[in-house]
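Working through the structure, step by step
So the chains spell out like this:
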Amino acid sequence: MSLIDSISLPRRLRLPRVDGLIQWIVPLTIIAIWQVASVTGFVPSRVLPAPSDVLLAGWKLLVSGELVRNIWVSFWRASIGFLIGGSIGFAFGLANGLSQLSAKLTDTTLQMVRNVPHLALIPLVILWFGIDESAKLFLVALGVFFPIYLNTLHGIRTVDPQLIEMGRIYGMTDGELFHRVIFPGALPSIFVGIRFALGIMWLTLIVAETIAASSGLGYMAMQAREFMLIDVVVLSILIYALLGKLADSASRVLERATLSWHPAFQKR
Amino acid sequence: MQTALRTSLPETELASRAGFAPHARVVREERQGERQARSSGLPLSIRGLRKSFGSNEVLRGIDLHIPAGQFVAIVGKSGCGKSTLLRLIAGLDKIDAGSISFGQNTQPEDIRVMFQEPRLLPWARVLSNVEVGLGRDRASGDAHTRAEKALTEVGLADKRDQWPSVLSGGQKQRVALARALVSRPRVLAFDEPLGALDALTRISMQRLLERVWRDQGFTAILVTHDVAEAVALADRVLVIDEGRIAHDVTINAARPRERGSAELASLEGSILSNLLSAEDRT
């Protein structure tokens, strides 16, 4: 008790704004050290350009409109692919979690497909779709499908059977039982799936765009490599980091909003 | 019925004499409502009830009649079939042979169960958890009001907007009781509802159970391993042994009962020795 008090007390006293800034101390320090190392010539600019040069390159691309266009293309591919793969994964997770028949019918097949690394399909996908949008969407959707499928299925299977019995006793219809008991019970697990899927979404997209694309962030980085524009290459990598962070934060906000009942998400 | 009439008289008289005529009427109406509630319990007849799980015969022919509104406690060593009997009464498991009848057609809302675990939905606020108990009336307009009333009955009106995770064990169990009560059940089955509570919370919950039973007049069936609890609460204690009713003890002690009184203690002693002698035989 006293230990818990001593932990939670300073947290309450601390200003929330300062709390939000703390997480940025480490990345900003790294950038500062990097800048100093580049300016003093400790790191040659052929190996790693100074952060200021990267910013400058970013500014030039921003002015020319190239950066926004490429980010938008990548963002669009990522979200559409995520939506398609995510909804199919969610649908299969629901079906196989709720129906024994459906699980018997499809689960083995899905588990077999899951064990094929989806990036190994790239040559096949290029043969099928060329380097069209559909190729990237297909790969992202395939990559996103499995974490969401597996975690939705797991979430539904592990809903407390005592709660389900309670719902039945209190006369809930199947629909009510689903939206009042099963779905909210599976939600924490579904969110785990979503966060895994977001990671896989960026990974797949970057690989797909660097191998076969004519636009997007990955394409921008590959173009820059051809012209030895190392500052643009580094810029693309940093933007990936920021976009990844953004996606993760978005899922956290969603998690906080929908799982506020969960002790782990309650504000002290 | 008779006693309710008699006790209601002096109060109404006093009130009208003091010039609170409208108030007196309110009092009388409430009494009326209470009397209707009192007669709301359902009688229960069990004939030749049998139940086995695989080759294990858990209930070997139970014959039992419970009059409407009686508070019956079922005790027995673990594995004697007392919980199975309760689950059959509540309609949670299928009967192998025999019958259970309530004397008339029942609605699902008429029979409610309270378990050892509160079984609250962690993602629903306390009030919505109570509303779950309304069954098919959940969507009706007065759902909120009825749920609030039930919460007030268990003394948790101020917790209506809390998440279950912030409540104590006793409070969770009181919410579960409110959920069971909100549909005004006519039979309420308790499966060791106080088993997981500490001694003090247990006693206050026992008082609460007794109070709501007296107020609402449902037929109460309490499965417990605590003979003292059975003796303190019930009109009648059934001892179950090897799937049969071994003893049927009527407790005539006046209510409210004083815990630890000599009368209750001797009853408890005799029931315990019954249980223990059954233990010795096996």
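Shown above is the structure to which this text applies.
These notes cover the structure that comes with them. None of the values given here were measured: they were computed from a predicted structure.

Structural notes on the nonpolar core
The nonpolar side chains of soluble globular proteins are, as a tendency, buried together. With 96 residues, the main nonpolar core has B:L177, B:F190 and B:V237 as its most contacted residues. If you tally residues by element for this core, the top one is helix α10 (residues 174-211) of chain A, at 13 residues. Residue assignment places this core across two domains, with domain 2 (44-106 + 186-281) and domain 3 (120-185) of chain B each supplying three or more. Ignoring anything within four residues of it in the chain, the contact list for B:V237 reads B:A73, B:V75, B:A230, B:V231, B:H247, B:D248, B:V249, B:I251 and B:I271.

Structural notes on the pattern of salt bridges
Throughout the structure, instances matching the rule amount to 27 salt bridges over all chains. Its salt-bridge partner being A:R77, residue A:E133 comes within 2.8 Å of it at the nearest N-O pair. Taken together, the residues span a long stretch of sequence, with A:E133 in helix α8 (residues 133-157) and A:R77 in helix α5 (residues 66-98) at a distance of 56 residues. Looking at A:R77, the relative accessible area reads 0%, which means it is buried. In this structure, B:D248 and B:R236 form a salt bridge, with 2.9 Å as the shortest nitrogen-oxygen distance. With B:D248 in strand β9 (residues 244-250) and B:R236 in strand β8 (residues 236-241), the pair connects residues that are 12 residues apart, well separated along the chain. Look at B:R236 and you get buried, because its relative accessible area is 10%. Here the salt bridges do not stand alone but share partners, grouping A:E165, B:R87, B:D93, B:E117 and B:R119 into one network.

Observations regarding the interface of chain A and chain B
Across the boundary between the two partners, chain A contributes 17 residues, which contact 20 residues of chain B. For the pair chain A and chain B, the summed buried area comes to about 1,900 Å², and 60% of that belongs to carbon and sulfur atoms. In terms of surface lost to chain B, no three residues of chain A exceed A:I169, A:Y170 and A:W261, which account for 39% of the buried area on that side. A salt bridge links B:R119 to A:E165; the nearest nitrogen and oxygen atoms lie 2.5 Å apart. Here chain A is connected to chain B by 9 residue pairs in polar contact (both at pLDDT 80 or more).

Reading guide: rules and limits
Residues numbered from 1 in each chain as written. Chains lettered and ligands numbered in written order. Predicted model: local features only at pLDDT ≥ 70, side-chain atom pairs only at ≥ 80, totals over all residues. Heavy atoms only, no water. Core = buried A, V, L, I, M, F, W, Y, C linked by side-chain atoms within 4.5 Å. Buried < 20%, exposed > 50% of the residue type's maximum accessible area, 1.4 Å probe, protein only. Helix = DSSP H or I, 4+ residues; strand = E, 2+ residues; numbered from the N terminus. Domains from an automatic or database assignment. Contact = heavy atoms within 4.5 Å. Salt bridge = Lys/Arg side-chain N within 4 Å of Asp/Glu carboxyl O. Buried area = accessible area lost by both parts, 1.4 Å probe. Polar contact = N/O pair within 3.5 Å; in protein donor to acceptor, adjacent residues only side chain to side chain.

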